[in-house]
Amino acid sequence: MRSAPSRTLRALPTLLRIGVAETVAYRAEFLVWILTTTQPLIMLGLWTSVAREAPFAQYSSADFVAYFLACLIVRQLTGNWVAWQMSEEVRSGAMAMRLLRPLHPFFAYAASHAAAIPFRSIIALPVAIVLLASSGAGALTTDPVQLALLVPSIALAWLITFAVMFAIGALAFFLTQTMAIANLYFGLFSLFSGYLMPLDLLGPIAGIARWTPFRFMLSAPVELITRTLDRDQIVRLLGGQLAWAAATLVAALVLWRAGVRRFEAVGG
Amino acid sequence: MIRARDLTKHFKVHKRPPGIVSALRSVVRRRYDVVKAVDGVSFTIERGERVGFLGPNGAGKTTTLKVLSGLLHPTSGEVVVEGCVPYRRQASFLGQITLVMGQKSQLIWDLPPAETYAMNRAVFDVPRVQYDQTLAELTELLELAPLLDKPTRQLSLGERMKCELAAALLHRPTTLFLDEPTIGLDVAMQVAIRDFVRSYNQRHEATVLLTSHYMDDVVALCPRIIVIDQGKLIHDGDLRQLIKTMDPDKRVSFTLTQPIGDDELARLGTVLARDGQRITLRVGERDVAGVIARVLGALKAADLAIEDPPLEDILRVMFGKRRGDRAAEAS
Amino acid sequence: MTRYLRLFALQLRVSAASAMAYRANFLIQGAMSLLWTALALLPLIVVFGQRDQLAGWSAPAALILMAYFLAVRAVMEGMISPSLVDLVEKIRSGSFDYVLLKPIDAQAMISASHYEPWRVFDLLGAIAIVIYAFAQPGAPPLSLPHLALGIALFVAGVLAAYALWILCAAASFWVVRLDNLMYLLGAIFDIARWPVDIFRGGWRFVFTFVIPVAVMTTFPAEGLLGRLHAGKIAAIFGGTLALLALSRLVWRTAIRSYTSASS
């Protein structure tokens, strides 16, 4: 048989196609996905109301609009539910089937979730982008370097998010309550990533947050969009993303390997 | 009494050809095929009868049972069970019937069957005394004692099926709809369940409608069978009668003790199987006596057996012929 | 009637037994409870760190509203959400057929099939927050009729949330694989943690009348604080009843569709 990477590459188009077909198969999931990323919109409602009379900690109403719309866009592009999917597949026995195929599940899942992105966000994303460009324009960065780095930054954010979700999914080999852990994780994520509110507003918590991977899953690209940063800050943001991407990737694969070994020992 | 008249049930099935373009198109507009699961079926079943429904996969047997139990609205036609219209699902109706689906479970997965039984007792509002009696009877007949307090997920398939049956009968229904109750079970368990069902039918004069892929279930349990193929009823009557009508020839088997020429064998009947010295012949009903005389007399053969053709073969021919006819029509 | 009560009691016992079976659950649930409560209070702490009112609500008032949110959510996640998960699973596996075969209303059977008993701590936490809020120096006074109204409106809020849940449950018949259904409900419900006054114009209308999130938290809090007049109170109860009726209608339509289409 060919080597693993080459096989993966050859399988990619089919995986992507099936990822699309799966997403499209259940029309209501569109709607649900769109609606589940409403947290930034709710926060937007709250904070624009707060900042209506006067800016709140240097954030004007427009600043908040820009911030939360940017959060929404980044979240649409990087969010995934692979932890839930894996937990379910372990429970239902579908995971055992997956392990019999000569394709590392990491790639299989990654491909299907990546492929689903355009279809999941087909409605919300254009709307959000248009809104951001029109109403929040004043609060956006104009630095060409930052804008150019947006794509790699979002890609890295996606990778970190995916790796962490994959790692949590791998916990399903060890524990039965992975859903609870995934929910707990989402709570921490919304706090430390800036999803709940800009990290600046969190005072001492912000200091802790800056050392967690969460920040690099969401806040990093958002900062690139909404702030004007100097060279140093940009390097630290992207460098941090690269470092965390590598770290979470390794951790995810190690955890996966341990999980599969346990799975095989226990008998599935 | 169960009565169905011109029962018809159509389903709309979403049609989706492969490929990315059709996948996208299906988001906006869906194409449907109409499947005629049940197509103008009529029959009457009296109280206390045991009837088997036979047919190939997808013939409409399960759909018919679901309509009879009220889970599905018929597209057209009339159906009455014990004086009630099933799909109204009135409490009095539901208290008289039960549906057991071999492929689906009503037992709570993480808890012992005893909890499901308690739930059913509350739901069906069974008086304490009657409940205790019924449970004792079922426990004895099905040998449930060691199983009642183990979580369902720890039981084997056969044990689970027994517990499922008990759960379905706690409210002492008078009409039993059994959809593939013995699927996946070993032979001993199949026999046990068959015996139990027969015993329940005799004790409580309960009507039993059974669908099964295992011919032995039907042959052992049901004097009357209804054959359904492609939604249409193609036979309704005595099992023996069906066999006689479709294939009146008998199967005669014996073991040779001395060699015999091929042409002499051919004169006795058509050779169906030859396994070393063991021969199985197909012999016309009228010729059976003559063949037996020759086989035992001149040939001095041993281990003579005379049997009806197996039901499987008959049905296979029946359905195969219909499929062939349909293919011929289509082309 | 007693049959239904007996059934609910039984289901509660069964769920409690299930819950106690996993001891690790307690720790995880406890941690989550604390985390989510802290997360809920955090924006309030940040806002009131610099401001003294939020869309016309003082700090104690906003705390009370948050407490209602936590309380309604406790009921939702303690009773309604787990039952919904169970329903979706039953539909997927085909076991829902057995629910229809029981001589008990299907909606009643699935509404309270699973409980998460640990949520009762969230409820107690909410009550603690209310007490704390009223103990604050700037807090409005509390009178007995207002307390009674506050409790009655809490029940109405729970019923409104329940009606929305039934609508989602009905939707799951038409689209069988709706894994994210819980998150949909949670997302909609999330809006309830803030007073509906933060919204202006169109959105305010939507969240008061179309997806009546306001009924779940804003109105009960206003009732407790004595800010509601009789006309509005009547409208709230009337609206809740109408919503319940609508959800029942949609549910029955969904069942009808299921029994026509399932194969």
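First, a word on what this report is: a plain description of the structure on this page. (Residues numbered from 1 in each chain as written. Chains lettered and ligands numbered in written order. Predicted model: local features only at pLDDT ≥ 70, side-chain atom pairs only at ≥ 80, totals over all residues. Heavy atoms only, no water.)

**With respect to the overall build of chain A**
Each helix and strand in chain A was counted, giving 15 helices and zero strands. Within the span of chain A, comprising 268 residues, buried residues form 55% of the whole. Contacts spanning at least 24 positions in sequence make up 77% of the contacts within chain A whose residues lie at least 6 apart. When the accessible surface of chain A is totalled, it reaches about 11500 Å², and 69% of it is carbon and sulfur. (Helix = DSSP H or I, 4+ residues; strand = E, 2+ residues; numbered from the N terminus. Buried < 20%, exposed > 50% of the residue type's maximum accessible area, 1.4 Å probe, protein only. Contact = heavy atoms within 4.5 Å. Areas by Shrake-Rupley, 256 points an atom, 1.4 Å probe, with all protein chains shown as cover.)

**Considering the sheet that holds strand β4 (residues 76–81) of chain B**
Residues and elements named next belong to chain B. With antiparallel pairing, the three strands of this open sheet are ordered in space as β2-β1-β4. Edge positions in the sheet fall to β2 (31–45) and β4, since each of these pairs with one other strand and no more. Looking at each pair of strands side by side, their axes are set apart by 30 degrees on average, direction ignored. In this sheet, β4 lies alongside strand β1 (residues 2–15) in antiparallel orientation, the contact comprising five bridges. Pairing of Ala 4 across the sheet is with Val 79, part of β4. (Pairing = 2+ DSSP bridges. Axes fitted to C-alpha atoms, helices over the stretch in contact; angles between N-to-C directions.)

**Examining the pattern of salt bridges**
Residue and element names in this part refer to chain C. Counting across every chain of the model gives 28 salt bridges over all chains. Note that Arg 119 is salt-bridged to Asp 122, the shortest N-O span being 3.3 Å. Residue classification places Arg 119 among the buried residues on the basis of a relative accessible area of 12%. A relative accessible area of 10% places Asp 122 in the buried class. (Salt bridge = Lys/Arg side-chain N within 4 Å of Asp/Glu carboxyl O.)

**Some points on the pairing of strand β6 (residues 175–179) of chain B**
Residues and elements named next belong to chain B. Among the five residues of β6, five are classified as buried, and the element is accordingly described as predominantly covered. Where strand β5 (residues 97–101) and β6 come together, five bridges link them in parallel fashion. In the sheet register, Ile 97 faces β6, and the bridge partner there is Thr 175. As defined by bridge partners, β6 adjoins strand β7 (residues 207–211) across five bridges and the pair is classed as parallel. In the strand pairing of β7, Leu 178 is matched with Leu 210. In this fold, the crossover linking β6 to β7 by way of helix α7 (residues 187–204) has right-handed handedness. (Right-handed = clockwise from strand over helix to strand, strands pointing away.)

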